[in-house]
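As a plain string of letters, each chain reads:
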Amino acid sequence: MDINIYVNQKKINPLCQRSIAEYIKRLSPYCHLKVVCVPNKIKFTSGKNCINYALCNDNTISSEAYASSINTLTTGGISRINYYIGYDESLYNNMSRFAVCTISPSNDMSAALLSEQIYRAYTILNNITYHK
């Protein structure tokens, strides 16, 4: 599974970047996670085996439900998930939306929180203890 997180800013805060890098390392046995900064406008990728999500603040889901949705996508033939953070709402018309928390964090913090949720989902799917 390839998972891409597109963030609408020039660069990620170093503290958030360290957190993201740790989750990328931990996720490497299960998926390929990439966080890309693309300021302003972006072309949304689509395809037969790709699904796009917009991060918002109005549709939170539990870690277990999120893990289940990743499992369903994987078994359904989806090989790429793209997440878009901080772009113009009008660009999100045909995308599914969900939130990683009920507050409105910065774009780079949202990327770090989403990276953590992806890691949490894979620990649930693989019956791995999350906290050490």
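Within every chain, residues take consecutive numbers counted from 1 along the sequence as written. With the structure being a predicted model, the display of local features is reserved for residues of pLDDT at least 70 and the display and counting of side-chain atom pairs for 80 or more, all residues being used for whole-chain, interface and lining totals. Heavy atoms throughout the structure, all of them, feed into the side-chain values; hydrogens and water do not.

The next subject is the pattern of salt bridges. By convention in these notes, a salt bridge is any Lys or Arg side-chain nitrogen within 4 Å of a carboxyl oxygen on Asp or Glu. Overall, the coordinates contain 2 salt bridges when judged by the stated rule. Between E22 and K25 there is a salt bridge; the shortest N-O distance is 3.6 Å. Remark: K25 and E22 occur in helix α1 (residues 14-27); sequence separation between them is 3 residues, near one turn of the helix. Residue exposure (1.4 Å probe, protein chains only): buried if accessible area is under 20% of the type maximum, exposed if over 50%, otherwise partly exposed. A relative accessible area of 29% means that E22 is categorised as partly exposed. For K25, a relative accessible area of 55% gives the class exposed. One salt bridge connects E22 with R26, and the closest N-O pair in it is separated by 2.9 Å. Taken as a pair, E22 and R26 lie in helix α1 at a separation of 4 residues, close to a single helical turn. The numbering of helices and of strands both runs from the N terminus, where a helix is a DSSP run of H or I of at least 4 residues and a strand a run of E of at least 2.

Moving on, we come to the sheet that holds strand β1 (residues 2-7). Taking strand neighbours across the sheet as the criterion, the 5 strands line up as β2-β1-β4-β3-β5 in an open arrangement whose pairing is parallel. Two strands lie at the open edges of the sheet, namely β2 (32-37) and β5 (96-99), each paired on one side alone. Each strand of the sheet is rotated relative to its neighbour by a mean of 30°, with strand direction disregarded. Paired strands, as defined in this entry, are two strands with at least two bridges between them according to DSSP. As paired strands, strand β3 (residues 50-60) and strand β4 (residues 80-85) are joined by 5 bridges and run parallel to one another. Opposite C50, over in β4, you have R80 as the bridge partner. Axes here refer to lines fitted to C-alpha atoms; in helices the fit is confined to the stretch in contact. Angles between the N-to-C directions go from 0 to 180 degrees.

Counting residues in each nonpolar core, the largest one holds 29 residues, and the members touching the most others are I3, I5, Y66, Y83, L114 and I118. Of all the elements in the fold, those that place two or more residues in this core are β1, α1, β3, α2 (63-75), β4 and α3 (107-125). Residues count as neighbours in contact if any of their non-hydrogen atoms are within 4.5 Å of one another. Each residue touching Y66, except ones within four places of it in the same chain, is listed here: I61, Y83, F98, L114, Q117, I118 and A121. Ranked by size, the runner-up nonpolar core spans 7 residues in total, among them A54, Y87, Y92 and M95. Nonpolar cores are built from buried Ala, Val, Leu, Ile, Met, Phe, Trp, Tyr and Cys residues. Side-chain atoms within 4.5 Å join them into one set.

Below, the discussion takes up unusual backbone geometry. At N127, a residue that is not glycine, the phi angle is positive and equals roughly 50°. Positionally, N127 belongs in the segment after α3.

For this analysis, a ring pair means two rings from Phe, Tyr or Trp (six-membered ring only for Trp) whose centres lie within 6.5 Å, classed as stacked if their planes differ by under 30 degrees, edge-to-face if by over 60, and tilted for the remaining angles. Applying the stated criterion across every chain, the model contains 8 aromatic pairs. With centroids separated by 5.2 Å and ring planes inclined at 15°, the aromatic side chains of Y6 and Y84 adopt a geometry described as stacked. Residue Y6 is found in strand β1, and its partner Y84 is found in strand β4; the two are separated by 78 residues along the sequence. According to the relative accessible area criterion, Y84 is buried, its value standing at 0%. Centre to centre, the rings of Y83 and F98 are 5.7 Å apart; their planes meet at 75°, and the pair counts as edge-to-face. Of this pair, Y83 sits in strand β4 while F98 sits in strand β5, and the two are 15 residues apart along the sequence. Here Y83 and F98 have matching classes, each one buried.

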